[in-house]
Structure formats: structure tokens, C-alpha cells
Amino acid sequence: MARILVVDDEERMRHLLGLMLKGSGHQVSEAGDGHAAWTMIQEKPFDMIISDIKMPRLSGMELLRRTREKEAACPIVFITAFATVDSAVEAMRLGAADYITKPFEEERILLTVERTLKLSRVLAENRALRQQLSEADAEAPIIHASEPMGRLLEMAVKVAQRASVVLIQGESGTGKELLARFIHKQSPCGQGRFVAINCAAISPHLVESELFGHEKGAFTGADRQKPGKFEYASDGTLFLDEIGDMPLEAQAKVLRTLQEKTIQRVGGNQEIPVEARIICATNQDLEVLAARGRFRQDLFYRINVVPLNMPSLRDRREDILPLARHFLERIYRGRPFALTPGAAALLQRYPWPGNVRELANAMERVAILSGQAATIDQAALDFLERRAPGCTDPDDFQLPAGGLDLERFERRLIRQALDQAAGNQSRAARLLGLTRAKFRTLMKNCRQK
Ligand SMILES: Nc1ncnc2c1ncn2[C@@H]1O[C@H](COP(=O)(O)OP(=O)(O)OP(=O)(O)O)[C@@H](O)[C@H]1O
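Summary of the structure given here. These numbers were taken from a predicted model, which means no experiment stands behind them.

### Here we look at the site of the ligand
So, point 1. Close to the ligand lie 20 residues; Ile143, Gly175, Lys176, Glu177 and Val356 are nearest.
So, point 2. Considered class by class, the residues forming the shell around the ligand number 8 nonpolar, 8 polar and 4 charged.

Take a look at the structure:
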């Protein structure tokens, strides 16, 4: 028996799904839109959510985004009409567990529900295990074989010895926190605490009290004095993750702390000295945020003294197989396993929009679904093929506010198409939806530029 939340603005559909699920012993709750669902999720835990995508007030996609930010997020399966299957594929890329197309059969729904619940249970067990392992093994290795990562780690070692403030920039899931821990361990304060705070995950009015602590009675609910993360990390490193999401008022106080090396607790007026080394991380362009007035320019200059750029996984493809093997070794724990050449080729050509985190999750999923058969072939990874088309839907593409370099994109697409087609120009042309003649002209133009 599982607790399932059905979210759909069509009452008839909710009812129908409710009946099917109750019939197989599940406990079902219903919500008429994403907003109502989000409120219910805050109040009580669910084992899974089955949701429509298009709904008033809060869409299924936004619901997915919000639940993914929660710790131990519960899986979401989307229901979609055949005509909008593209958005469901995109949803899977963003972390949805599965999707079902309408009209649906009871058997298909129940099968999807059982499979999702099973996968989610095993993932939860693995998460718990991994948590224990990572606590025991604080010095997790940074697996790499590529030149950009080699260079980055060399720089990180140097930075660890000297800089008191470091900025790590890179897409989500590239390993920024892992790098921050590495810098901490390599630094003179490596024996001290490593204290992490995710600025995007705490509510804006609690950020300051989390960072700087508070005195008793500073605000309603502050029933005792509490030191903040800056104080707590005083003998070690404070890791400010997603610093781009920090509210502006808190940014002003962080800047002051970096300059003065002291803090004041919320509601207090005593200056308390803090020595923590600060490592900031962001997956946003802080310069763009600063230009839009959402990030303080002076804080940006203060933390951007030693910027380290974490490359995305698709820009260091030599790392993909060593990482995949590393994650599989951790899962199989001494038992033999094999990746077929087809599977290895698919791993190397997939774009990994979720970077190393997506690769780790994919390996976990494939190992679970492969069961005792420890030979992982291309078919076992077909869920990646299902995700990939979502990344290439031109209707989903948004021109970044700062614009882009179209000619560089062209060159990159041509190179990738040729790589994927092993140099065969006709196949490369087909991959880009072009005739061979057009492809050759484009290639020539690019070479001349
Ligand atoms: N080079 C690597 N070797 C081994 N594991 C890695 C490597 N890079 C990342 N990982 C693992 O991938 C996962 C994601 O990494 P991490 O949390 O450091 O990414 P992040 O860039 O900080 O993500 P976010 O921006 O979402 O906070 C973690 O489990 C981490 O241990």
C-alpha cells in the first residue's frame, strides 16, 4: 500500500485514477491543481504523485521543479495527451519518473505505478546507504581523466594554500560541492569543519539568522540564542552554495563580514570575530545577475578574485566512462559487471544536461533495473534515448538574455554531428536534418571563418 497523490484539474480523470489505484490497495488523495498539490505535499508525505502537466495556477512542470528541490523528493509520473508527449519527455529529462499517455488502460497505469514505487524504494535505500558511506568517507575521490579537470584540480590545490575566498562556477551537478570539499581538505584549515549552506533552499527571511545566528528574542520564535554558520565554520570552511539566490540584504552583510572578518548576530550588537575560509558556488552568471540588480556588484568583485570554472560533463567526455565505472563499482561492490561497447558509446554521446549527478543517477537506475544480470547493454540505457529528444525541441529553446554566438553553435553542431557519424558526411547531414550538399557548404563556410 502506498500514499499516492493524484493531481488533475479534470475531476472525472481524478476520480477514475483514484478508483483504479484504490482498487489495488493504495491510499489516494486528490488535488485539483498544482498549487493545491504543493500545499498538500508540505503537510504530509506521499510515496508518489501522478499529475497532469497543463493545469491552472501551478503547472505540473513547476510542481516537479519544486518537489525536486525538497530532500528525498517523491517521484512524479505525468499523464499527458499523445499530442503533448514532447513536454512529458522534457519532464523526464528534468527528473520525472515516467509518463503515461491518454487514453490509458488500467493495466498500464498499475504497472507504471508498481515500477515507479519499486524504483523509488530502492533509490531511497541506496540514498541512505550512500549518506552513511559519504559520512564515513569524507574524502570522496574526484574521478577524472580529462585535461580540463586535471588543470582545474591543479589550480584548486594552489588556491587551497592561499586564497581566503574562492568562487566556483558551473552548471548544476558538475561537482562544485565536491571540489569545494577537496579545496577544504587541501587547505591549512582542512582539519576544521566544512559547513555547507544552500542559499536557494532556505526561505529568504531565515537566511540571515542561518548565516549570522541570532540572539534570544530577536524575532518571534527565537526562544534561545543560536550561533550561525559563519561562527560554526570559524575553524574551517563555509560553503555558500547557490550564492546567486541569496537575498540582497544578506549579500550586504556577507560583504561586510568578508571585509571586517566579524559578524553580528541578528538582534545583537556584539562584534564576533570569524576566521572561516569562504567558498561560494553558483550555477548562474553572477555578472548578468549583477547587471540586472539582483546581485551586488561589490560582492561579486570581492568573491570573484579566484574564480574556478567547473566544466560541464559534455565538455569533458573523457571523464564519462571512468565516472560511470566508478559509480557502478560503488553499486556492485566487488561483484563483477560489464558495460558493452554499445552502452559505452551511448553514454559518451548523450549530452548529460544534469551532468555528473545525472550520470550517477542513471547508473543507479540501470544497475537496479538490470538486477542480477550485470552486463549493461545499450537496451538497458534506452531511457536516456527517451530523454535526449527533449533537449532538442526548438520550441523549448530560449535565447539567453545575454544573446549567444550563433557561428560557434554552428561549428559545434557540425563537429558533434561528424563525431557521432564517425566522420560520415551524409550521416552527419541527416543528423542535422540537412542535405549533404547543404551540410558541405556549411562546413566550408565554418572553416573559412
Ligand atoms: N568528478 C567526480 N567524481 C566522483 N563523483 C562526482 C564527481 N563530480 C560529481 N560527483 C558526484 O556527483 C554528485 C553531484 O555533485 P555536486 O553535488 O558536487 O554538484 P554541484 O555542482 O555542487 O551541484 P548543484 O549545483 O546542483 O549543487 C555528487 O554525488 C558528487 O559526489
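And the narrative resumes.
### Looking at the sheet that holds strand E14 (residues 307-309)
In any sheet, the strands associate via hydrogen bonds between backbone groups, in a parallel or an antiparallel arrangement.
So, point 1. Spatially, the 5 strands line up as an open sheet ordered E7-E10-E13-E6-E14, and their pairing is parallel. The open sheet terminates on both sides in strands that have one partner only, identified here as strand E7 (194-198) and E14. Across the sheet, the mean angle separating the axes of adjacent strands is 20° when strand polarity is ignored.
So, point 2. Of the strand pairs in this sheet, strand E6 (residues 165-169) and strand E13 (residues 277-282) are connected by 5 bridges, and their pairing is parallel. Across the sheet, Leu167 pairs through a bridge with Cys280, a residue of E13.

### Section: the nonpolar core
So, point 1. Counting residues in each nonpolar core, the largest one holds 42 residues, and the members touching the most others are Ile168, Ile183 and Ile279.
So, point 2. The contact partners of Ile168, leaving out residues within four places of it in the chain, are Lys176, Leu179, Ala180, Ile279, Ala281, Leu308 and Met310.
So, point 3. Core analysis: the second largest hydrophobic core is formed by 28 residues, Leu5, Met61, Leu64 and Val89 among them.

### Things to note about the sheet that holds strand E4 (residues 76-81)
So, point 1. Reading across the sheet, the 5 strands line up as E2-E1-E3-E4-E5 and stay open at both edges, with parallel pairing between neighbours. Of all the strands in the sheet, just strand E2 (27-31) and strand E5 (98-102) have a single pairing partner and so form its edges. Between one strand and the next, the sheet's axes are offset by a mean angle of 20°, whatever the strand orientation.
So, point 2. Pairing of E4 with E5 involves 5 bridges; the strand directions are parallel. Bridging from a neighbouring strand, Val77 pairs with Asp98 of E5.

### Some words on the environment of Val113
So, point 1. Looking at the element boundaries, Val113 is found in helix H5 (residues 106-136).
So, point 2. Given 25 C-beta atoms within a 10 Å radius, Val113 is considered buried.
So, point 3. With 64 residues separating them along the chain, Val113 and Ile49 place their C-alpha atoms 9.5 Å apart.
So, point 4. With residues near it in sequence (within four places) discarded, Val113 still touches Leu21 and Met48.

Rules and cut-offs
Residues numbered from 1 in each chain as written. Predicted model: local features only at pLDDT ≥ 70, side-chain atom pairs only at ≥ 80, totals over all residues. Near = placed C-beta within 6 Å. Nonpolar A, V, L, I, M, F, W, Y, C, P; charged D, E, K, R; others polar. Pairing = 2+ DSSP bridges. Helix = DSSP H or I, 4+ residues; strand = E, 2+ residues; numbered from the N terminus. Axes fitted to C-alpha atoms, helices over the stretch in contact; angles between N-to-C directions. Core = buried A, V, L, I, M, F, W, Y, C linked by C-beta atoms within 7 Å. Buried ≥ 20, exposed ≤ 12 C-beta atoms within 10 Å, placed from the backbone. Contact = placed C-beta atoms within 7 Å.

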